[in-house]
Structure formats: structure tokens, C-alpha cells
Amino acid sequence: HFKVIYRSIFLILFLLIVSHCSGGGDGGSGRGVTNQGLVTLQGRVDDGLSMSPIANAQCRFTNLKGDQLATVTADSRGEFRLYTPLEMQGWLVCTPGGFPNLALTTFVSTVGAVAGGILPANGLEEVSPGSTVIAEMLAQMLGQIAPSDLPARKAELVAALQADDPDLTVLVKAGTDLFNAMQQQQITA
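The following paragraphs examine the structure supplied in this document. Quick caveat, the model's predicted, so the values are computed rather than measured.

With respect to the helices and strands, glutamine 89 occurs in strand β5 (residues 89-95). A polar contact is formed between the side chain of glutamine 89 and the side chain of serine 109, at a distance of 3.5 Å. Apart from residues lying up to four places away in sequence, glutamine 89 is in contact with Phe61, Thr62, Asn63, Leu64, Phe107, Val108, Ser109, Val111, Pro147, Ser148, Leu150 and Pro151.

Structural data, given as C-alpha cells:
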């Protein structure tokens, strides 16, 4: 009879300890990552030349107004995981180490994502000279189209680039050449 009581007490205490350790908040310490109200954005920074990664790039996610929402450093493969707020649209800007003024950009939208989810659902968000050309085009369109239309317009431009649209391909090649020349010449200003 006592074995059942002791076992029950032990089990209750064990569950209380485990739930306390794994569940609650971190007391506002800033440690740990919670995905409440956040989505994980996974991506890769590369220089546009045969998918050459940019190791240790510093990346920041800003809303359309330019307010910084999150930051991360890419790993040695140029890959990163960034926790961003839901229902936001903005710019993911990555700079190679030692080149704070040489930036690669992409447009990102977390509108419609689920808390704790991962974007994109398949693959990695590309941050490259090609995505920078598309992001610049979207930034210029911002005054002409509604912000809610930006994700669809980005998808159209990416599809056009993948279909080798001649005008877009020339722009991306020029952007890739310019970015790499500036990085190789170590132009930091």
C-alpha cells in the first residue's frame, strides 16, 4: 500500500520538476528562445557565383519603415536561422564580415505564417546579388503598389529570373559582378 503512495508522490514531484524546468518563461532574463508570436526564417547568404556562401555575414530584419526587428550571424556555410515577428513584411539585409556598407538584401513577409513555423516551408531564403536586385525593384514599387501586393510581385520577379528573363538576367549579372568586384577589392566605404 505504501509503495503505491510513494510511487504516486514521486511521480507527481517528478512531473512538477520537469514541467517547471521546461515550460515557464525565463523570468525576463533574455536567455533562451521562445517561439510564441515568432516564426523562424531560415536562409543562406551567397555572392551569386555558383552558390558561394558568405560565412559569418551579419543579417538584420527590418520592417518596411526600416525599424530593426531581429538580428543573426550566418554560420560558416552562410546559413542562418532568424526568429522574426508574425504578420510583418520587411527587408532582410546581410553584410559580409568587415564590409558594413556592402549589403545584400531580400524582401521577406511573415504575413499568414503560424507561430513556431519555419519560412520558407521548403529550402532556404536566398540573400544574394539576385535577391538584392529584386528587393530594390520592390522598394521602388512600394509607392506604386500596396504593401500587401509585395509578396506576389516578388514571386513574379523570382519566376521571371528563373525563366531567364533577358532584362532581369542582365541586371542580376551586373549586380553580381559589382558586388564581387567590391568585395574582392575590399571596398568598405
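A separate point is the pairing of β5. Among the seven residues in β5, seven count as buried, and that is most of the element. In the sheet, strand β2 (residues 58-63) pairs with β5 via six bridges, with the strands oriented antiparallel. Bridge pairing in β5 links asparagine 63 to glycine 90. Where β5 lies against strand β6 (residues 104-109), six bridges are found, and the strand directions are antiparallel. Following the sheet pairing, valine 93 is matched in β6 by threonine 105.

With seven of eight residues buried, strand β1 (residues 38-45) lies mostly within the body of the structure. Here β1 pairs with strand β4 (residues 79-85) via seven bridges, running antiparallel. Of the residues in β4, the one forming a bridge with glutamine 42 is arginine 81. Judged from the two bridges that link them, β1 and strand β7 (residues 118-119) form a sheet pairing that is parallel. Note on β7: the bridge partner recorded for threonine 40 is isoleucine 118.

In spatial order, the strands read β3-β2-β5-β6; together these four strands make up an open sheet with antiparallel pairing. Only two strands of the sheet have a single neighbouring strand rather than two, namely β3 (68-73) and β6. Ignoring strand direction, the axes of neighbouring strands in this sheet form an average angle of 20 degrees. Docked against the sheet, helix α3 (residues 150-162) engages β5 and β6, running at close to 130 degrees with respect to β6.

Conventions we followed
Residues numbered from 1 in each chain as written. Predicted model: local features only at pLDDT ≥ 70, side-chain atom pairs only at ≥ 80, totals over all residues. Heavy atoms only, no water. Helix = DSSP H or I, 4+ residues; strand = E, 2+ residues; numbered from the N terminus. Polar contact = N/O pair within 3.5 Å; in protein donor to acceptor, adjacent residues only side chain to side chain. Contact = heavy atoms within 4.5 Å. Buried < 20%, exposed > 50% of the residue type's maximum accessible area, 1.4 Å probe, protein only. Pairing = 2+ DSSP bridges. Axes fitted to C-alpha atoms, helices over the stretch in contact; angles between N-to-C directions.

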